[in-house]
Amino acid sequence: MLKKYDYQSLKEEERQQLVARNTDPNNAIQDVVQDIIQKVRIQGDTVLREYAEKFDKVQLDKLFLDADDIDELAATIQRDQQRALEIAFQNIHRFHSTQLKRERTVETMPGVKCWREIRPIEKVGLYIPGGSAVLPSTLLMLGIPARIAGCKEIVVCSPPQSNGKINGFVAYCLKLLNIKRIYLVGGAQAVAAMAFGTQSIPKVDKIFGPGNQFVTKAKSIIQGLTNVSIDMPAGPSEVLVIADESANPAFVAADLLAQAEHGADSQAVLVATSTAIVDAVNTQIETQLTVLPRKELASRAIENSYAVTVGNLQEAIQFSNEYAPEHLILETDQWESLTRHISNAGSVFLGHLTPESAGDYASGTNHTLPTSGYARSYSGVSVDSFVKKITFQHINETGLQQIGSTVEILAELEGLQAHKNAVSIRTEQV
Ligand code: NAD
């Protein structure tokens, strides 16, 4: 059952508490992860094998699988499963391939031309979660934009299964992406390995991918320790569903449970325009939960979740903007008039027939999204995440005459004489 709150009766402090996520208050995760990072940095492959034994319960001879192993595993999946992955691949590719846009050159003054050009990040590391559920969809969500961007080296890490392999679906996605090696490393140790490099695993320039709290914490720590950047903090998944009288309580419950089954630390929030809706959804949650194979995890997540009753849809959007959800679903006929008021969300699902699951797998949008309130300042993964935009400029004789004195005056007022000279030495000669 979702705990119930009434928006109007909440004090400011209580609202702040509700929208805050559980972010390792006692630094327990931070301490574990810092230790893992240091060990990987010093001991490399040796300690990666030890962690595989400890966390993934498998002894590994080699820390990767190559093309032959990948082909063999990919061949084990059924044709309809291959076809579903191919359709997802095509839709994600279609949506993302529009994202590389060339910008025009701007002549800011006569003879002063400025422009930006796109270059791929050369070496990227993709983390594909594989603890409680194997997520081949994440490989497509990261690998497709990396390929479209033109990244030269794509390093993929994912926790090994207990047989020392990966599952056939991940293998099939590797083939679709033409990636010929996968490293069998999970958790914080995978992030550290890609940040520092080990005997087997190449160091990369940027690390991508969602994961549990260990993975997310490792990504935030290595940012401060190295010159390796990260896509965003994409931790335990969350959804916020806004529902009014037009919503079908069974659909709403199904969407909340779809999020809850990710893990006990996932959060599913319902914002409804009446307590009757909350009660009807709670009844549906009870019914639908009983038949879910992952009901243990899902019911623990539901215990950490809640419902807020609001006076109207404007209040619902206000609360949602404060929460800044990774996924936002609008289960109301009024969705068209609400979208322009949404200011903080990772990805938004509109109307009664748009389940979040569609975006998780196959509609085309990316499912690697900012969690824990980071949707206030981060976007989800896109082709942009895999490129840099370099600025260029060219100044001709006219341009130098146009801009010269402005730069000289500004350099002088900042007391930087050498800057002024770099202009003067040229203007004297043209
Ligand atoms: P995972 O691959 O993230 O983590 C598994 C690894 O965690 C293990 O291999 C192990 O190395 C490490 N680990 C486990 N227990 C540990 C411990 N006690 N100490 C140190 N390390 C430990 O897989 P998962 O656990 O299934 O988590 C996947 C997560 O990804 C979920 O929380 C899900 O919500 C999230 N997710 C987020 C998005 C997003 O876009 N934000 C998308 C998909 C999934």
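Residues numbered from 1 in each chain as written. Predicted model: local features only at pLDDT ≥ 70, side-chain atom pairs only at ≥ 80, totals over all residues. Heavy atoms only, no water.

1. Observations regarding the packing of helix 6 (residues 136-149) against helix 7 (residues 168-176)
Axis separation between helix 6 and helix 7 bottoms out at 8 Å; the angle between their running directions is 20°. Classified by the angle their axes make, helix 6 and helix 7 are roughly parallel. Classified by chirality, the crossing of helix 7 by helix 6 is right-handed. Residue-level contacts link Pro136, Leu139 and Leu140 of helix 6 to Phe169, Val170, Cys173 and Leu174 of helix 7. Partitioned by chemical class, the residues of the contact of helix 6 with helix 7 number seven nonpolar, no polar and no charged. (Axes fitted to C-alpha atoms, helices over the stretch in contact; angles between N-to-C directions. Helix = DSSP H or I, 4+ residues; strand = E, 2+ residues; numbered from the N terminus. Parallel < 35°, antiparallel > 145°, perpendicular 65-115°, else oblique. Left-handed = near helix turned anticlockwise from the far one by under 90°. Contact = heavy atoms within 4.5 Å. Nonpolar A, V, L, I, M, F, W, Y, C, P; charged D, E, K, R; others polar.)

2. Brief notes about the UniProt feature "active site" (unreviewed entry) in the protein
Residues given the UniProt feature "active site" (unreviewed entry) here are Glu326 and His327. Checked against the lining of the largest pocket, the annotated residues just named reduce to Glu326 and His327. Note that Glu326 resides in the loop between helix 13 (313-323) and strand 13 (327-331). For Glu326, a relative accessible area of 4% puts it in the buried group. Each residue touching Glu326, except ones within four places of it in the same chain, is listed here: Ser237, Glu238, Gln259, Ala345, Gly346, Ser347, His367, Leu369, Pro370 and Thr371. Along the polypeptide, His327 turns up in strand 13. Residue contacts for His327: discarding those within four places in its chain leaves Ser237, Glu238, Val239, Leu240, Gln259, Ser347, Phe349, Glu356, Asp360 and Leu369. A distance of 2.9 Å separates a polar atom in the side chain of His327 from the backbone oxygen of Glu238. (UniProt positions renumbered as here; feature names shortened; annotations may be inferred. 1 Å grid on protein atoms, 1.4 Å probe; cavity = no way out; pocket = protein on both sides within 12 Å on 5 of 7 lines; lining within 4 Å. Buried < 20%, exposed > 50% of the residue type's maximum accessible area, 1.4 Å probe, protein only. Polar contact = N/O pair within 3.5 Å; in protein donor to acceptor, adjacent residues only side chain to side chain.)

3. Thoughts on the state of the cysteines
In total, this model carries zero disulfides according to the counting rule given. Between Cys157, a free cysteine, and Cys151, which holds the nearest cysteine sulfur, the sulfur-to-sulfur gap is 16 Å. Owing to a relative accessible area of 0%, Cys157 belongs among the buried residues under this scheme. Cys173 takes part in no disulfide bond, and the closest cysteine sulfur, belonging to Cys157, lies 17 Å away. Residue Cys173 is classed as buried on the basis of its relative accessible area of 0%. (Disulfide = S-S within 2.5 Å.)

4. Focus: the sheet that holds strand 3 (residues 106-109)
One open sheet accounts for three strands, arranged 3-4-15; its pairing is antiparallel. Edge positions in the sheet fall to strand 3 and strand 15 (387-395), since each of these pairs with one other strand and no more. Taking the axes of each pair of neighbouring strands and ignoring which way they run, one obtains an average angle of 30° across the sheet. In terms of strand pairing, strand 4 (residues 112-120) meets strand 15 through nine bridges, oriented antiparallel. Within strand 15, the position partnered with Arg116 by the bridge is Thr391. (Pairing = 2+ DSSP bridges.)

5. Topic: the domain arrangement of the protein
Often the size quoted for an interface is simply the accessible area lost on bringing the parts together. Domain boundaries in the protein define domain 1 (28-105 + 119-231), domain 2 (236-376) and domain 3 (396-428). For domain 1 versus domain 3, the separation of C-alpha centres amounts to 49 Å. (Domains from an automatic or database assignment.)

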